[in-house]
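# Architecture at a glance
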Amino acid sequence: MNNSIYGPKSNEGGWLWFIKAITGLLVIVILFIHLIVNHFVAPNGLLTYADVVKYYQNPIIPIMEIGLVAFAVSHSLIGLRGIILDLKPTQAFINIINWLFSIVGVGAVIYGIWLIFTIASRGAGS
Amino acid sequence: MTEATNQSPVSRAVKWFDPRDRSINTIGFILNRITALGLTLYLFLHLIVLHQLADGPAAYNNFISLAHSPIFTFLEVLVVTAGFIHGLNGVRIALNSFGVGIRSQKLLLVSLFAIAIIVSLVFAFHMFTV
């Protein structure tokens, strides 16, 4: 079962596995809406700056996108860590990965939220 | 697995991508890994390039016209394919983890690959004709 994708990885810990599963499901739901809206609802897709800013004026969209960036970044980094753990790295390397991925993850989500608010605020008053 | 523990991390990494003597479940596992790496790369590139939105209309619209080249569109179709394979396979793994559909794993795997291909073709047609 060492190489199984079912259930927690040998070194992953149950909580991280659980978070990965839940965020995976949430990403599927939000990504489905994200793809349909971006490619099919807008007449030619969200292809111009003005289209994107206008799209972000609906308050549900920034909330949804914040969820998407947080869930997608968490899921991808926990998953990447799981892949690295399968290579049987040393504990020192795992510690570095834990710190590095935590910083990258928190940084990416903060950056994503900043970008979302920046875009949403561009349309204010217009 | 005793053999595997004596191998270097690099040769263990290369072994993931070796499809010989693999069951369909293992191919599902390998595809899940490859799509995971591809989607992670895409996610971070996506976050970086969308910084163009903060730089204003000219920067973003220039980027979009670049992204409309056939190569970019083809790569985006690959992202859709990877997303559907990874997402549907994830649902299968979650269901199997709770004991659902274990007997029909192979059917589920073949079906999800078929769905991923069909959906990708629909997206490709739509993206190349818009």
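Details of the structure are given in the entry above.
Notes on the structure follow.

### Remarks on the overall build of chain A
- Scanning chain A from N- to C-terminus turns up four helices and zero strands.
- Put simply, chain A runs from its N terminus to its C terminus through helices and strands in the order α-α-α-α.
- The long-range fraction of contacts in chain A, counting pairs at least 24 apart against all pairs at least 6 apart in sequence, stands at 70%.

### Section: the overall build of chain B
- For chain B, the count of helices and strands is six helices and zero strands.
- Ordered by position in the sequence, the α and β elements of chain B form the string α-α-α-α-α-α.
- Compactness check: chain B gives a C-alpha radius of gyration of 19 Å against a globular reference of 14 Å for 130 residues, more than 25% above the reference.
- Looking at chain B residue by residue over its 130 residues, the buried ones come to 33%.
- For chain B, long-range pairs separated by at least 24 residues make up 60% of all intrachain contacts whose partners lie at least 6 apart in sequence.
- Summing over all exposed atoms, chain B offers an accessible surface of approximately 7,700 Å²; the carbon and sulfur share of this is 73%.
- Taking the 8 positively charged and 5 negatively charged side chains of chain B as two groups, their mean positions are separated by 14 Å.

### Let's talk about the nonpolar core
- Core analysis: the biggest nonpolar cluster contains 33 residues, and V52(A), Y55(A), Y56(A), V73(A) and I119(A) have the highest contact counts within it.
- For this core, the secondary-structure elements that each account for two or more residues are helix 1 (14-41), helix 2 (49-55), helix 3 (60-85) and helix 4 (91-122) of chain A together with helix 3 (24-49) and helix 4 (57-67) of chain B.
- Once you skip the residues sitting within four places of it in the chain, I119(A) turns out to touch V52(A), V53(A), Y56(A), Q57(A) and L53(B).
- Judged by nonpolar contacts, the second largest core, of seven residues, contains V77(B), F123(B), A124(B) and M127(B).

### What to know about the interface of chain B and chain A
- Across the contact, 38 residues belong to chain B and 38 residues belong to chain A.
- Here chain B and chain A share an interface that buries about 3,300 Å² over both sides, 74% of which is from carbon and sulfur atoms.
- Considering only the side of chain B, the residues that lose the most area to chain A are F29(B), L47(B) and L53(B), jointly responsible for 16% of the buried surface there.
- Put simply, chain B and chain A have one salt bridge between them.
- Between D86(A) and R33(B) there is a salt bridge, and its shortest N-O distance comes to 3.0 Å.
- Here chain B is connected to chain A by six residue pairs in polar contact (both at pLDDT 80 or more).
- A total of 10 residues in the side of chain B that touches chain A trace back to one element, the largest contributor, which is helix 3 of chain B.

### Topic: the side chain of T81(B)
Residue and element names in this part refer to chain B.
- Here T81 lies in helix 5 (residues 70-97).
- Exposure remark for T81: the relative accessible area of 15% places this residue in the buried category.
- Among residues more than four places away in sequence, those in contact with T81 are A116 and S120.

### Quick look at the environment of I66(A)
All names here are of chain A.
- For I66, the position within the fold is in helix 3.
- Looking at I66, the relative accessible area reads 23%, which means it is partly exposed.
- Sequence separation between I66 and H34 is 32 residues, and the spatial gap between their C-alpha atoms is 12 Å.
- Those residues in contact with I66 that sit more than four places away from it in its chain are I113, I116 and F117.

### Structural notes on the environment of G112(A)
- Within the element layout of this structure, G112(A) appears in helix 4.
- Each C-alpha atom of the pair G112(A) and G14(A) lies 28 Å from the other, and the pair is 98 residues apart in sequence.

### Side note on helix 5 of chain B
Residues and elements named next belong to chain B.
- In this model, helix 5 (28 residues) spans 40 Å end to end at C-alpha, consistent with the 40 Å of a helix rising 1.5 Å per residue.
- Of all the positions in helix 5, only T73, V77, V80, T81, A82, I85, H86, G87, N89, R92, I93 and N96 are classed as buried.
- Once helix 5 ends, the next one or two residues include G99, with phi positive near 85°.

### Description of the packing of helix 4 of chain A against helix 3 of chain B
- At a minimum axis separation of 10 Å, helix 4 of chain A and helix 3 of chain B run at an interaxial angle of 40°. Of the possible angle classes, the one that applies to helix 4 of chain A and helix 3 of chain B is oblique. The chirality of how helix 4 of chain A crosses helix 3 of chain B is left-handed. Taking contact as the criterion, the partners of V104(A), A108(A), Y111(A) and L115(A) in helix 4 of chain A are, on helix 3 of chain B, F44(B), L47(B) and I48(B).
- Broken down by class, the residue content of the contact of helix 4 of chain A with helix 3 of chain B amounts to seven nonpolar, no polar and no charged.

Rules and cut-offs
- Residues numbered from 1 in each chain as written.
- Chains lettered and ligands numbered in written order.
- Predicted model: local features only at pLDDT ≥ 70, side-chain atom pairs only at ≥ 80, totals over all residues.
- Heavy atoms only, no water.
- Helix = DSSP H or I, 4+ residues; strand = E, 2+ residues; numbered from the N terminus.
- Contact = heavy atoms within 4.5 Å.
- Rg over C-alpha atoms; globule rule 2.2 N^0.38 Å.
- Buried < 20%, exposed > 50% of the residue type's maximum accessible area, 1.4 Å probe, protein only.
- Areas by Shrake-Rupley, 256 points an atom, 1.4 Å probe, with all protein chains shown as cover.
- Lys, Arg positive; Asp, Glu negative; His and termini not counted.
- Charge placed at Lys NZ, Arg CZ, Asp CG, Glu CD.
- Core = buried A, V, L, I, M, F, W, Y, C linked by side-chain atoms within 4.5 Å.
- Buried area = accessible area lost by both parts, 1.4 Å probe.
- Salt bridge = Lys/Arg side-chain N within 4 Å of Asp/Glu carboxyl O.
- Polar contact = N/O pair within 3.5 Å; in protein donor to acceptor, adjacent residues only side chain to side chain.
- Expected span 1.5 Å × (residues − 1).
- Axes fitted to C-alpha atoms, helices over the stretch in contact; angles between N-to-C directions.
- Parallel < 35°, antiparallel > 145°, perpendicular 65-115°, else oblique.
- Left-handed = near helix turned anticlockwise from the far one by under 90°.
- Nonpolar A, V, L, I, M, F, W, Y, C, P; charged D, E, K, R; others polar.

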